[in-house]
Amino acid sequence: MLDKHVNLDEIISGCRQQHRLSQQRLYSHFYNYAMTVARRYMGEQELGEEVVNDAFFKIFTKIHLYSNDQPFKPWLRRVVVNTAIDRLRSQMSTPTNQELLAMHDSGKLSGIEENLTQEQIWSMLDKLPPAYRTVFNLAVIEGMSHEEIAQSLDISVGASKSNLSRARQFIRNMLKTEFEFFD
Amino acid sequence: MQDLDDLFKDRLEEEAPFPNRSKQWQQLSQRLDAFDAGAGPTPKGTASSLPWWKLATLVALASAGYFAWKGYQQKAENNHLKVEIARLQNQQNKPVQEPIQSVSTTQETSKAQSATTPQTDIPVFGSTPKAAATHIENEQNRPTKVKSNPKSRSDKSPVLQTEQQKAIVPALSEPIASLPELPPSAADKQSTPVAPTVAQNAAAASDSIQVALALMMVDSLQKALVALQDSLLAREDKPMAAAEIKPVVKASGKHFRIGAHATMGFVLPKQKGVSSIRGQGISFEARVWKSLWVSATADWLNHNVATSEFIPKFHSHHDTIPKPPGGGGGGGGGGHFNSKLVLVESAIRQQHLGIGLRYNLPVKFWVQPAVRVAHEWVHISPSLATYKFRDDDPGGPGPNPHPEEDRYTAEKFPAKWLSNKWRMGLGLEKELPNWTFGLWADYSKDLSAATPSFDALYVRASAQYRF
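What counts as what
- Residues numbered from 1 in each chain as written.
- Chains lettered and ligands numbered in written order.
- Predicted model: local features only at pLDDT ≥ 70, side-chain atom pairs only at ≥ 80, totals over all residues.
- Helix = DSSP H or I, 4+ residues; strand = E, 2+ residues; numbered from the N terminus.
- Buried ≥ 20, exposed ≤ 12 C-beta atoms within 10 Å, placed from the backbone.
- Contact = placed C-beta atoms within 7 Å.
- Nonpolar A, V, L, I, M, F, W, Y, C, P; charged D, E, K, R; others polar.
- pLDDT = per-residue confidence, 0-100.
- Pairing = 2+ DSSP bridges.
- Core = buried A, V, L, I, M, F, W, Y, C linked by C-beta atoms within 7 Å.
- Expected span 1.5 Å × (residues − 1).
- Axes fitted to C-alpha atoms, helices over the stretch in contact; angles between N-to-C directions.
- Parallel < 35°, antiparallel > 145°, perpendicular 65-115°, else oblique.
- Left-handed = near helix turned anticlockwise from the far one by under 90°.

Could you clarify how one ought to interpret the overall build of chain B in this entry?
The secondary structure content of chain B amounts to nine helices and ten strands. Each of the 467 residues in chain B was classed as buried or not, and the buried ones make up 26%. Residue pairs at least 24 apart in sequence account for 68% of intrachain contacts in chain B once pairs closer than 6 positions are excluded.

If you want it as structure tokens, here you go:
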């Protein structure tokens, strides 16, 4: 728990001096946030935990790269996302042109989606193949463009678009079959 | 599609609680410990793991290795040159020794003859003409024996080519040639055909003083020739000796040293949670009298402290123990009167400035033992200390209101100077012509009563340039 009497700068200052207690405090404070980000990408909690630990290891050993001028949380998020992408990059697949042509975005939510619980959302996301889930996360949650996604994942822009479309299609199918949310 | 995206974005951005945080932290902590133990590069600007002290150590070790290798090479080259010089000397001595042997053979012959004819030298004045004739005969035989190896004298040896010798050799023969012939002895009659002629002429010569003078001249000239040969040989030997023994540059000719050293230290007595002390430094030394040197050193050291209690001597610049966060608060249950300090963590950086004396013990060995003593001023850099408090169970019915809740506080402390620290050391040094490499064990003792600080044992590896 981050004590109100000590601000984040002091904790980061302690981390710069490799104080284990400061590192523990930083880890404890941002663990849930980092897990939320990592879990979205990895689909499984165990893999998410591995990514989070990898990300914090990078943060603690490269804390000197962090500048106090920028906010810490986005920097941590960036590290977690990049760590997850590094893990997932090898699992990325490039769809064929036929797959690209087959992709189409259609359908609207029926409005009952508000009844979806967070667990159901997570469940659907977890069921996405890693490539689709990664692009979906980067595009929808992180708000990255396809060019940025293609650069991050070392794939083509077309592949990024394809994966996003297929991810959406996948989710729609789940909503239709499992929850009957689509018209 | 925007609805679907918004739905997922909103829901997935919500921060959810995840289990296994403590377990995951333990794993990460172990990983970080392994990393700090040297498994990889360390970030810049951290007190606990400065890469430049490692770099300084590596440079010192590399320098020591390089100069040791150079020393070994030099030694091998010297040995090779010695063998070569000895071989050349043998080659040059062979022709030179031949005339010496000839002369000594002549001398031995003369001595042997003198033994058989004891009246050869002095009794000449009062001796009979026969005895004088025997002496002359012997002297006439000498050049014959010396000329037994004329080539070696005239061609190879420069000894007989000097102007002095050229002047002496005719002088040796002239008096003999001008001597009147003496009557031969019985032995002479058998050994040489010249004897009868000399004996006949000697009979005709009545002036025995002239004969004696001639003999004296022959003896003195022969001795002069032998002495001249010896002196010339000795003169030829001199450059050989100088080439064989190389002049050694002794340390006594150097009066200053400047160098660097790497340091590893341990607190005494050993305290759990206090890391080893590591660092590096520089030194300057000047000879004040024979083996006594005055030295000035500067060391940059650091170590980590993570103890379960506040130990003042490891926090010399921390004056007070901080209160637990929220402690002493009034109502609302905000106060934590039962909070207990369970961990103090700090990275300490120190700079040691020392002035002292070093004395090289009068022991001749391939390494030079030495002792030293120095006074040190210690500057402790500003540092951040983190304190961890844990709420004790207040007892009574019901659960602990703050179960397993750790509370932290951190404080930054300013720099501080300590004095009256003394360092006593024993070391071994290896001296090369321009460099000295040393390995030292120093015991640092705090004699200050004002501010507590710890004692320590340091091991230092040093490289110094002498000039």
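Teacher, can you tell me more about the overall build of chain A here?
Secondary structure summary: chain A contains nine helices and zero strands in total. When its helices and strands are written in sequence order, chain A yields α-α-α-α-α-α-α-α-α. Classification of the 183 residues of chain A by burial places 42% in the buried group. Residue pairs at least 24 apart in sequence account for 69% of intrachain contacts in chain A once pairs closer than 6 positions are excluded.

Would you mind going over the environment of B:Trp377 with me for this structure?
Residue and element names in this part refer to chain B. Within the secondary structure, Trp-377 sits in strand S5 (residues 368-380). Given 14 C-beta atoms within a 10 Å radius, Trp-377 is considered partly exposed. Counting along the chain gives 43 residues from Trp-377 to Asn-420, while the straight-line C-alpha distance between them is 6.9 Å.

Explain helix H1 (residues 8-16) of chain A to me, please; I cannot follow it from the model alone.
Working note: α-helix, 3.6 residues per turn, so residues spaced by three or four point in the same direction. Three or more residues of H1(A) are buried, namely A:Glu10, A:Ile11, A:Gly14, A:Cys15 and A:Arg16. Turning to H1(A), the residues buried within the fold contact helix H2 (20-42) and helix H3 (45-61) of chain A together with strand S6 (383-391) and strand S7 (406-413) of chain B. Positive phi appears at A:Gln18, one or two residues downstream of H1(A), with a value of about 60 degrees.

I tried to follow the interface of chain B and chain A on my own but got confused; where do I start?
By a frequent convention, interface size equals the accessible area lost on bringing the separate parts together. Opposite the 44 residues of chain B that make contact, chain A presents 45 residues. Among the elements of the structure, helix H1 (2-13), helix H2 (21-39), strand S4 (339-360), S6 and S7 of chain B are those that each provide at least two residues to the side of chain B that touches chain A. Take the side of chain B that touches chain A: its biggest share by element is ten residues, from H2(B). Here the side of chain B that touches chain A is composed, by residue class, of 20 nonpolar, ten polar and 14 charged.

Where do I start with the confidence of the model for chain B in this structure?
Low-pLDDT stretches of the model should not have their predicted coordinates read in fine detail. Residue and element names in this part refer to chain B. Averaged over chain B, the pLDDT score is 71; the fraction of residues at 70 or greater is 58%. Across residues 185-189, where pLDDT falls below 50, the model places nine contacts with residues more than four positions away in sequence or in other chains. Here residues 328-336 scores under 50 on pLDDT; set against residues more than four positions off or in separate chains, the count is 14 contacts. The complex prediction reports pTM at 0.37, with the ipTM value standing at 0.74.

Sorry if this is basic, but what is going on with the pairing of S5(B) here?
Both faces of the sheet carry side chains from a regular strand, because those side chains alternate between them. Residues and elements named next belong to chain B. In this structure, S4 lies alongside S5, joined through eleven bridges in antiparallel fashion. Bridge pairing in S5 links Asn-360 to Ala-370. With twelve bridges connecting them, S5 and strand S8 (residues 416-431) associate as antiparallel partners. When the bridges of S8 are listed, Pro-369 appears paired with Leu-428.

It is not clear to me how the nonpolar core should be interpreted in this structure. Could you clarify?
Side chains of nonpolar character tend, in soluble globular proteins, to be buried together. Of all hydrophobic cores here, the largest spans 26 residues; its most connected members are A:Ala34, A:Ala38, A:Val52, A:Ala55, A:Val80 and A:Ala84. Mapped by element, the contributors of at least two residues to this core are H1, H2, H3 and helix H4 (72-88) of chain A. Counting residues per element, this core draws most heavily on H2(A), which supplies ten residues. Look past the residues within four positions of A:Ala34 in its chain and what remains in contact with it is A:Val52, A:Ala55, A:Leu76 and A:Val80. With 18 residues, the next largest nonpolar core counts A:Met124, A:Leu128, A:Leu164 and B:Leu12 among its residues.

Can you help me understand unusual backbone geometry in this one?
Comment: phi is negative for the bulk of residues other than glycine, and the bulk of peptide bonds are trans. Here the bond from B:Leu268 into B:Pro269 is cis, since omega is -10 degrees, no more than 30 degrees from zero. Within the fold, B:Pro269 resides in the loop between strand S1 (256-268) and strand S2 (277-289). The phi angle at A:Gln18 is positive, at roughly 60 degrees, despite the residue not being glycine. One can find A:Gln18 in the loop between H1 and H2. The class for A:Gln18 is buried, based on 23 C-beta atoms found within 10 Å. Its identity is not glycine, yet B:Asn20 carries a phi of approximately 65 degrees, on the positive side.

I tried to follow H4(A) on my own but got confused; where do I start?
The end-to-end C-alpha distance of H4(A), which contains 17 residues, comes to 24 Å, matching closely the 24 Å that a straight helix rising 1.5 Å per residue would cover. Buried within H4(A) are the following residues: A:Leu76, A:Val79, A:Val80, A:Val81, A:Thr83, A:Ala84 and A:Leu88.

Explanation requested: the confidence of the model for chain A in the structure shown.
Residues and elements named next belong to chain A. With 80% of its residues at a pLDDT of at least 70, chain A reaches an overall mean of 79. Mean pLDDT per element in chain A: helix H5 (residues 97-102) is the minimum at 42, and H3 is the maximum at 90. Below a pLDDT of 50 lies the segment residues 94-107, which in the model reaches 18 contacts outside its immediate sequence neighbourhood of four places, other chains included.

Would you explain the pairing of strand S9 (residues 435-446) of chain B in this entry?
Residue and element names in this part refer to chain B. Across eleven bridges, S8 lies against S9 in antiparallel orientation. In the strand pairing of S9, Gly-425 is matched with Asp-442. Between S8 and S9, which follow one another and run antiparallel, lie three residues. Two strands pair when backbone bridges link them, and S9 and strand S10 (residues 455-466) are joined in this way by ten bridges, in the antiparallel orientation. In the strand pairing of S10, Leu-439 is matched with Ala-461.

Would you take a moment to explain the packing of H2(A) against H4(A) for this structure?
Two quantities define a packed helix pair, namely the angle between the helix axes and the distance between the axes. Residue and element names in this part refer to chain A. The geometry of H2 relative to H4 is characterised by a closest axis approach of 9 Å and an angle of 30 degrees between their N-to-C directions. Here H2 lies roughly parallel to H4, going by the angle between them. Between H2 and H4 lies a crossing of right-handed hand. Contact with H2, carried on its side by Phe-30, Ala-34, Val-37, Ala-38, Tyr-41 and Met-42, involves Leu-76, Arg-77, Val-80, Val-81, Ala-84 and Leu-88 of H4 and no other residues of that element. Residue composition of the contact of H2 with H4, grouped by class: eleven nonpolar, no polar and one charged.

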